[in-house]
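Residue-level structure breakdown
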Amino acid sequence: MSAYETPHLPGLPPTGPTASPAVFPTGSPGASPDASPGGSAHPPSAGGLPVLQDLDWAALAAELDEEGVALTPPLLTREECAEVRALFDEPALFRSTVTMARHRFGEGRYRYFTHPLPDLVRTLRQRLYPPLAHIATTWAERLGEAGFPHDHEGLVAACAAAGQHRPTPLLLRYGPGGYNCLHQDVYGELTFPLQVAVMLDRPDEDFTGGESVFVEQRPRAQSRPIVKRPRQGQGMVFAVRHRPVRSTRGWSRVTLRHGVSAVHSGQRHVLGVIFHDAQ
């Protein structure tokens, strides 16, 4: 049994030492459509990204509980990575572009997608959300916080009610010398506590350097560094802002920030799948 030993939450699979192993929702194709501002919805095509059906969510949840960061098997093929990477050069697909040096965020650029999201991006956002919502609600219960809707459509509606309407999935591009300062992707009052970053290039072939860096600050302790180096197509699931860690006093909230070390050569592209919308 994993560390999911919290009281049963309405609508979620039972967990705990006397329950059957948790069955994580996976999100069926076509469920929880992302609605554009005009009101139209674009469900993902049937059978899109079948690899998502086979993810071991119990193992990923245990890794998130232990580290705050978990690596998935490849979510995208090499061809799908190339398809998403090429979107960076189509300005009409994005609502804004950020040059990091102007804001002292680092060196490089990133672009936020506009509605409607590209098919692969939309499918990842919709189908990764239900099992992540299960984990997020378990974390919230441990910290005495409110849980989250079971499908992404519900989260989008909750964001809209909080004045958060702008989509947050983004593409990042780093060249030689590019890096990203430690930060958290908080875009408003409502923050979904988990996000996913998908590596679109081949480390040590398409680029060198550029490790993913995480720093965790536990109460009354020095910061703990974590470094991950995903392969092409792999996803990194990690805490957006904080997560629960068991302590002698019960559950404590620990803070996580993330960034990218300097790229030495080549280009590094990453797809960021953030689930809550921005103000």
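Details of the structure are given in the entry above.
Residues numbered from 1 in each chain as written. Predicted model: local features only at pLDDT ≥ 70, side-chain atom pairs only at ≥ 80, totals over all residues. Heavy atoms only, no water.

Tracing the sequence through the fold places Ser 252 in strand β13 (residues 250-260). On the basis of relative accessible area, Ser 252 is assigned to the buried category, the value being 16%. With near-sequence residues (within four places) excluded, Ser 252 lies in contact with Leu 143, Pro 219, Arg 243, Pro 244, Val 245 and Ser 247. (Helix = DSSP H or I, 4+ residues; strand = E, 2+ residues; numbered from the N terminus. Buried < 20%, exposed > 50% of the residue type's maximum accessible area, 1.4 Å probe, protein only. Contact = heavy atoms within 4.5 Å.)

Next up on the list: the packing of helix α1 (residues 57-67) against helix α3 (residues 119-143). The N-to-C vectors of α1 and α3 enclose an angle of 40°; their axes lie 11 Å apart at closest approach. If you check the angle between α1 and α3, you find them oblique. Our pair here, α1 against α3, has a crossing hand that is right-handed. Residues Trp 57, Ala 61, Leu 64 and Asp 65 of α1 form the contact with α3, whose participating residues are Leu 128, Pro 131, Leu 132, Ile 135, Trp 139 and Arg 142. (Axes fitted to C-alpha atoms, helices over the stretch in contact; angles between N-to-C directions. Parallel < 35°, antiparallel > 145°, perpendicular 65-115°, else oblique. Left-handed = near helix turned anticlockwise from the far one by under 90°.)

A word on the environment of Tyr 174. Summarising the element assignment, Tyr 174 is placed in strand β5 (residues 170-174). Residue classification places Tyr 174 among the buried positions, given a relative accessible area of 1%. Expressed as a C-alpha distance, the spacing of Tyr 174 and Arg 268, which sit 94 residues apart in the sequence, is 5.1 Å. Once residues lying within four places of it in the same chain are set aside, the contact partners of Tyr 174 are Met 100, Glu 107, Tyr 179, Asn 180, Val 260, Val 263, Gly 266, Gln 267 and Arg 268. A polar atom in the side chain of Tyr 174 sits 3.1 Å from the side chain of Asn 180. (Polar contact = N/O pair within 3.5 Å; in protein donor to acceptor, adjacent residues only side chain to side chain.)

When charged atoms on two side chains of opposite charge get close, those side chains can pair. Considering all chains together, one arrives at 15 salt bridges under this definition. Put simply, Glu 67 and Arg 224 hold a salt bridge, and the shortest N to O gap is 3.5 Å. Separated by 157 residues along the polypeptide, Glu 67 in helix α1 and Arg 224 in strand β10 (residues 224-228) bring together distant segments of the chain. We classify Glu 67 as partly exposed; its relative accessible area is 22%. The exposure class assigned to Arg 224 is partly exposed, which follows from its relative accessible area of 26%. Between Glu 67 and Lys 228 there is a salt bridge, with its nearest N and O atoms 3.6 Å apart. In this pair, Glu 67 is assigned in helix α1 and Lys 228 in strand β10, connecting sequence segments 161 residues apart. Lys 228 gets classed as buried once you look at its relative accessible area, which sits at 15%. Salt bridges sharing common partners tie together Glu 67, Glu 216, Arg 218, Arg 224, Lys 228 and Arg 243. (Salt bridge = Lys/Arg side-chain N within 4 Å of Asp/Glu carboxyl O.)

Ring pairs (aromatic) are described by centroid distance and by the angle formed between their planes. Counted according to the given criterion, the structure contains nine aromatic pairs. Taking the centre distance of 5.0 Å and the plane angle of 40° together, the rings of Tyr 129 and Phe 192 count as tilted. Placement of the pair is Tyr 129 in helix α3 and Phe 192 in the loop between β6 (179-183) and β7 (194-199), with a sequence separation of 63 residues. Accessibility assignment for this pair places Tyr 129 and Phe 192 in one class, buried. Measuring from ring centre to ring centre gives 5.2 Å for Phe 148 and Phe 192, while their planes differ by 80°; the resulting arrangement is edge-to-face. Of this pair, Phe 148 sits in the loop between α3 and α4 (152-161) while Phe 192 is found in the loop between β6 and β7, placing the two residues 44 residues apart along the sequence. Since its relative accessible area comes to 16%, Phe 148 is described here as buried. With a relative accessible area of 0%, Phe 192 lands in the buried category. (Phe/Tyr/Trp six-rings, centres within 6.5 Å; stacked < 30°, edge-to-face > 60°.)

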